[in-house]
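# Geometric and topological summary
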Protein chains: 2
Amino acid sequence: MQAKNDIIAQDLANKIRHKIYEPGDFLPSENQLADLYGTSRETIRKALNALLSLGLIQKIRGKGSIVLNLDRYSFPISGVTSFAELNKELGMHATTKVLTLEDRDNLPKQFIEYFPEEESSSGIHLERLRLINGEAEVLDCDYLLNPPIESIPKQVAQASLYQYFEYELGLDISYATKEITVVEVDERIKELLSLSNNLAVLVASRNYLADTTKFQLTLSYHRPDRFKFVDFARRKKIKL
Amino acid sequence: MQAKNDIIAQDLANKIRHKIYEPGDFLPSENQLADLYGTSRETIRKALNALLSLGLIQKIRGKGSIVLNLDRYSFPISGVTSFAELNKELGMHATTKVLTLEDRDNLPKQFIEYFPEEESSSGIHLERLRLINGEAEVLDCDYLLNPPIESIPKQVAQASLYQYFEYELGLDISYATKEITVVEVDERIKELLSLSNNLAVLVASRNYLADTTKFQLTLSYHRPDRFKFVDFARRKKIKL
DNA sequence: TAGTGGTCTAGACCACGTA
DNA sequence: ACGTGGTCTAGACCACTAG
């Protein structure tokens, strides 16, 4: 059973997506929405907060909730999302070539620099080349920690890891930390990505389950000329 | 008057910062916190949600709220934050050299490719070189839109734009969209940043006030070998 | 003055984890 | 059985924007 506030948030997001509420429009007021959805105002507010943090709306006191411009220029793709999901969402028609899929007792060399804390963890080493229109775009190097991941069927590596984790294994993927840098790569990666020099954009991430178990380390090497990371951010009220 | 839930969130964040609650510890339960702070549980939950989205804690149903590991490896610096704020927060001892500060009737050429929608907007063109230990690190090129920004005193350009906007002008800085790419730069930028080739990391952002007024366009050119962007992200429940 | 969002409350019921 | 977080409610008061 989905929470009522999530259902409402999803419904409003869909209506914004399908231009039932257009950028610049005001949503119905919170009281009206509460009537519309037959719920309390606090529940409506929780739904609106979800849209707020996604950058779909902006709330203006005394006036209402205005739909923001999410088209053309901005296109937040950050978050914890798999390549397969992005591919589907953006209609990229990408293909995946599995280069490596092997069980290991310790972390492959290339990962140690970025994830030294997992040096002696057992897991599954997975390397996949992502191609768009036949051109190499990204090299995804994953290390799936065991536990909690016992094994990866070959066709899953080819398709969607996240769908397998969430729907087959019932894992609750929750959060990630990411680090974007520019690095020098070796000849192998240079050739795989058809780079003109030895620089690539590296996105290194640690991915966690809802119970704080770390389950995935990823090194994503991107072609610098194709890399683009778009983000929506709100000014923090809390100072760390 | 600060909202009670913000005060509580700030207080808990401080206690986590100062290791009163350490990574791996559980916070007091929501009911206990409600008693401690003399407030209702829903207010506590709003405070905890702020810490959740910052990546400071993880809530586990049936168990409690556990403090996450924010040290060593991860260090979320994303969001809508000015260089002066980062400088202070991280103790970087950076200096700023103002290269350009002039009123304009239209957008400078270099901005048009990234912000075509503002081509004929008047504003203030500001270029600042950020140095750390005397070495050029970042070139920040800003265009402050007029309105809402009328003018920038020279010493403000030297110090903190955001402090001036928020405390002097009373502007309510609210959100931003950012785009990170790798670009080829011209000779001028190459020399300013002492680049060995003509590649730089570009962070282009549009910054908005709470009433959705766009007030700042920024092009930040970073040395690739020094650039690092760290982010914390939660898996989205809402599908766009 | 009326309507909007911002905040807070006191209580309720549920689902999950632990013992 | 008990404590935890997850959700929802109906109402209250406030601050702000508008006509």
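Structure: above.
Residues numbered from 1 in each chain as written. Chains lettered and ligands numbered in written order. Predicted model: local features only at pLDDT ≥ 70, side-chain atom pairs only at ≥ 80, totals over all residues.

For the rest of this paragraph, the subject is the environment of B:Glu168. Counting through the fold element by element, B:Glu168 comes out in helix α7 (residues 161-168). As a C-alpha pair, B:Glu168 and B:Asp25 span 143 residues in sequence and 41 Å in three-dimensional space. (Helix = DSSP H or I, 4+ residues; strand = E, 2+ residues; numbered from the N terminus.)

Moving on, we come to the nonpolar core. Counting 59 residues, the largest nonpolar core has A:Val201, A:Tyr221, B:Val201 and B:Tyr221 as its most contacted members. Counting 18 residues, the second largest nonpolar core, distinct from the first, contains B:Ile8, B:Tyr21, B:Leu33 and B:Leu48. (Core = buried A, V, L, I, M, F, W, Y, C linked by C-beta atoms within 7 Å. Buried ≥ 20, exposed ≤ 12 C-beta atoms within 10 Å, placed from the backbone.)

Quick look at the relation of the copies chain B and chain A now. Mapping chain B onto chain A leaves a residual RMSD of 0.0 Å; the transformation is a rotation of 180° accompanied by 0.0 Å of translation along its axis. This pairing of chains is accounted for by a two-fold axis. Residue by residue, 100% of the interface of chain B is reproduced at the interface of chain A, so both copies engage with the same surface. (Least-squares fit on C-alpha atoms with pLDDT ≥ 70 in both. Contact = placed C-beta atoms within 7 Å.)

This part covers the environment of A:Asp105. All names here are of chain A. With respect to the element layout, Asp105 can be found in the loop between β3 (94-104) and α5 (109-112). Its 9 C-beta neighbours within 10 Å are what place Asp105 among the exposed residues. Between the C-alpha atom of Asp105 and that of Ile124, which follows or precedes it by 19 residues, the distance is 8.6 Å.

Moving on, we get to the protein's contact with DNA strand D. Residues in close proximity to DNA strand D total 22 residues, the closest being A:Lys4, A:Glu42, A:Gly62, B:Ser29 and B:Gly62. Going through the elements one at a time, α1 (4-17) and α3 (41-54) of chain A together with α2 (30-36), α3 (41-54) and β2 (64-67) of chain B are the ones with two or more residues in the surface near DNA strand D. Class assignment of the residues belonging to the surface near DNA strand D gives a composition of 1 nonpolar, 11 polar and 10 charged. (Near = placed C-beta within 6 Å. Nonpolar A, V, L, I, M, F, W, Y, C, P; charged D, E, K, R; others polar.)

Within the structure, DNA strand C sits among 22 residues, and A:Ser29, A:Glu30, A:Gly62, B:Lys4 and B:Gly62 are positioned closest to it. When contributions to the surface near DNA strand C are tallied by element, the ones reaching two or more residues are α2 (30-36), α3 and β2 (64-67) of chain A together with α1 (4-17) and α3 of chain B.

Before going further, it helps to spend a moment on the interface of chain B and chain A. Each partner contributes residues to the interface: chain B has 44 residues there, and chain A has 45 residues. Per element, the largest residue contribution to the side of chain B that touches chain A is 10 residues, and it comes from strand β6 (residues 173-184) of chain B. Residue classes in the side of chain B that touches chain A are distributed as 22 nonpolar, 11 polar and 11 charged. Of the pairings in the sheet, the one linking strand β9 (residues 229-234) of chain A to β6(B) comprises 6 bridges and is antiparallel in character. What sits directly across from A:Arg234, in β6(B), is B:Tyr175. (Pairing = 2+ DSSP bridges.)

Let us look at the sheet that holds strand β6 (residues 173-184) of chain A. Judged by pairing direction, the sheet is antiparallel, and its 7 strands sit side by side in the order β3(A)-β4(A)-β5(A)-β8(A)-β7(A)-β6(A)-β9(B) without closing on themselves. Of all the strands in the sheet, just β3 of chain A together with β9 (229-234) of chain B have a single pairing partner and so form its edges. For this sheet, the mean angle separating the axes of adjacent strands, direction not counted, is 15°. The sheet contact formed by β3(A) and strand β4 (residues 123-132) of chain A spans 10 bridges and is antiparallel. Across the sheet, residue A:Leu101 finds its bridge partner in β4(A), namely A:Leu126. (Axes fitted to C-alpha atoms, helices over the stretch in contact; angles between N-to-C directions.)

How two helices pack is summed up by the angle between their axes together with the distance between the axes. All names here are of chain A. The interhelical angle for the contact between α1 and α3, taken along N-to-C directions, is 50°, at an axis separation of 8 Å. Taken as axis vectors, α1 and α3 run oblique relative to one another. The two elements α1 and α3 meet at a crossing, and its hand is right-handed. Seen from α1, the contacting residues are Lys4, Asn5, Ile8, Ala9, Leu12 and Ala13; seen from α3, they are Thr43, Ile44, Lys46, Ala47, Ala50 and Leu51. Tallied by class, the residues present in the contact of α1 with α3 amount to 8 nonpolar, 2 polar and 2 charged. (Parallel < 35°, antiparallel > 145°, perpendicular 65-115°, else oblique. Left-handed = near helix turned anticlockwise from the far one by under 90°.)

Taken in spatial order, the 7 strands line up as β9(A)-β6(B)-β7(B)-β8(B)-β5(B)-β4(B)-β3(B) in an open sheet, and their pairing is antiparallel. The outermost strands of the open sheet, each flanked by one partner alone, are β9 of chain A together with β3 (94-104) of chain B. Pairs of neighbouring strands in the sheet enclose a mean axial angle of 15°, with direction left out of account. Bridge count between strand β4 (residues 123-132) of chain B and strand β5 (residues 135-145) of chain B: 10 bridges; the pairing is antiparallel. Within the sheet, the bridge partner assigned to B:Ile124 lies in β5(B) and is B:Leu144.

Looking now at unusual backbone geometry. In this chain, A:Asn146 is followed by A:Pro147 through a cis amide linkage whose omega measures -5°. Structurally, A:Pro147 can be placed in the loop between β5 (135-145) and α6 (154-158). Cis geometry marks the peptide bond from B:Pro147 to B:Pro148, where omega comes out at 10°. Among the structural elements, B:Pro148 can be located in the loop between β5 and α6 (154-158). A positive phi angle is found at B:Ser194, which is not glycine, with a value near 55°. On the secondary structure map, B:Ser194 appears in the loop between α8 (187-192) and β7 (199-209). In the Ramachandran plot, B:Thr212 falls in the positive-phi region, its phi being about 75° despite a non-glycine side chain. Mapped onto the secondary structure, B:Thr212 falls in the loop between β7 and β8 (214-222).

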